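An overview of the molecular structure
This is what each chain is made of:
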Amino acid sequence: QVQLVESGGGLVQAGGSLRLSCAVSGSIFSINAMGWYRQAPGKQSELVATITSGGSTNYAGSVKSRFTISRDNAKNTVYLQMNSLKPEDTCVYYCNAALVTTNARYYRDYWGQGTQVTVSS
């Protein structure tokens, strides 16, 4: 089936940088939008950034100018470059892809398993 495998999370000091990657594999026919969401303990999930197949991007206000989302369509991979990290960015980050598989007729959302990002002050 479809797998979304995230990597790149970890522990970093405030002001530092991390780059998250999410590789999508499986019986994929087409991928539409891809994105990153995050969730802190006891809080609701929130959108971080999305990118369409054509490269249009959208960011949460709290990360705009600090985070950059990009994708490599040939590799079915989406990235999140996170700069100037703050302690409040500490969350589990989840990758999302809206895609249709080779045996399906409609797009649906798929999710990665999550990767922990911890920013120390």
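Anything mentioned here points back to the structure above.
Throughout this description, residue numbers start from 1 for each chain and increase along the sequence as written. Only residues with pLDDT of at least 70 get local features here, since the model is predicted, and only at 80 or more are side-chain atom pairs given and counted; chain-wide, interface and lining totals rely on the full set of residues. No hydrogens and no water enter the side-chain calculation; it runs on all heavy atoms of the structure.

1. Thoughts on the overall build of the protein chain
The way it works is that DSSP assigns letters per residue, a run of H or I at least four long becomes a helix, a run of E at least two long becomes a strand, and they are numbered from the N terminus. Helix and strand content of the protein chain: 0 helices and 11 strands. Mapped from its N terminus to its C terminus, the protein chain presents α and β elements in the order β-β-β-β-β-β-β-β-β-β-β. Radius of gyration here uses only the C-alpha atoms, and the compact-globule reference equals 2.2 Å multiplied by the residue count raised to the power 0.38. Taken over C-alpha atoms, the radius of gyration comes to 14 Å for the protein chain, in line with the 14 Å a tight globule of 121 residues would show. Based on the C-alpha atoms only, the size of the protein chain along its principal axes is roughly 50 × 25 × 25 Å. In the protein chain, which comprises 121 residues, the proportion classed as buried is 41%. A separation of at least 24 residues holds for 55% of the contacts in the protein chain among residues at least 6 apart in sequence. Of the accessible surface of the protein chain, which amounts to about 6500 Å², a share of 47% is contributed by carbon and sulfur atoms. Three exposure classes are used, based on accessible area relative to the maximum for each residue type with a 1.4 Å probe and protein chains only: buried under 20%, partly exposed in between, and exposed over 50%. Contact between two residues is taken to exist if any of their heavy atoms lie within 4.5 Å; hydrogens are not considered. Note on areas: Shrake-Rupley with a 1.4 Å probe; residue coverage comes only from the protein chains shown.

2. Describing the packing of aromatic side chains
Stacked, tilted and edge-to-face are the three classes applied to pairs of Phe, Tyr and Trp rings, where Trp contributes its six-membered ring and a pair requires centres within 6.5 Å; stacked means planes under 30 degrees apart, edge-to-face means over 60, and tilted covers the rest. Under the defined criterion, the tally for this structure stands at 1 aromatic pair. The ring of Tyr-110 has Arg-108 sitting right over it, with the charged end atom 4.0 Å from the ring centre. Both a distance and an angle decide whether a charge sits over a ring: NZ of Lys or CZ of Arg must be within 6 Å of the ring centre and within 35 degrees of the ring normal.

3. Thoughts on the side chain of Asp-89
By the element assignment, Asp-89 lies in the loop between strand 8 (77–82) and strand 9 (91–101). The class for Asp-89 is buried, based on a relative accessible area of 1%. We define a polar contact as two N or O atoms separated by no more than 3.5 Å, with the added condition that, inside protein, one atom must be a possible hydrogen donor and the other a possible acceptor, whereas residues neighbouring each other in sequence contribute only through side-chain atom pairs. Within polar-contact distance, the side chain of Asp-89 engages the side chain of Arg-38 at 3.0 Å. Within the structure, Asp-89 has its side chain in polar contact with the side chain of Arg-66 (distance 2.8 Å). In this view, Asp-89 contacts Arg-38, Arg-66, Phe-67, Ser-84, Val-117 and Val-119; residues no more than four positions away in its chain are not counted.

4. Let's talk about the pattern of salt bridges
Pairs can form between side chains of opposite charge once their charged atoms are near each other. What makes a salt bridge here is a side-chain nitrogen of Lys or Arg within 4 Å of a carboxyl oxygen of Asp or Glu, nothing more. According to the stated counting rule, one finds 3 salt bridges in the structure shown. Residues Arg-38 and Glu-46 are paired through a salt bridge, measuring 2.6 Å at the closest nitrogen-oxygen approach. Here Arg-38 falls in the buried class, since its relative accessible area comes to 5%. Looking at Glu-46, the relative accessible area reads 34%, which means it is partly exposed. Linking Arg-66 and Asp-89 is a salt bridge whose minimum nitrogen-to-oxygen distance equals 2.8 Å. Highlighted residues: Arg-66 in the loop between strand 6 (57–59) and strand 7 (67–72) and Asp-89 in the loop between strand 8 and strand 9, separated in sequence by 23 residues. A single burial state applies to Arg-66 and to Asp-89, both of which are buried. In this structure, a network of salt bridges that share partners links the residues Arg-38, Glu-46, Arg-66 and Asp-89.

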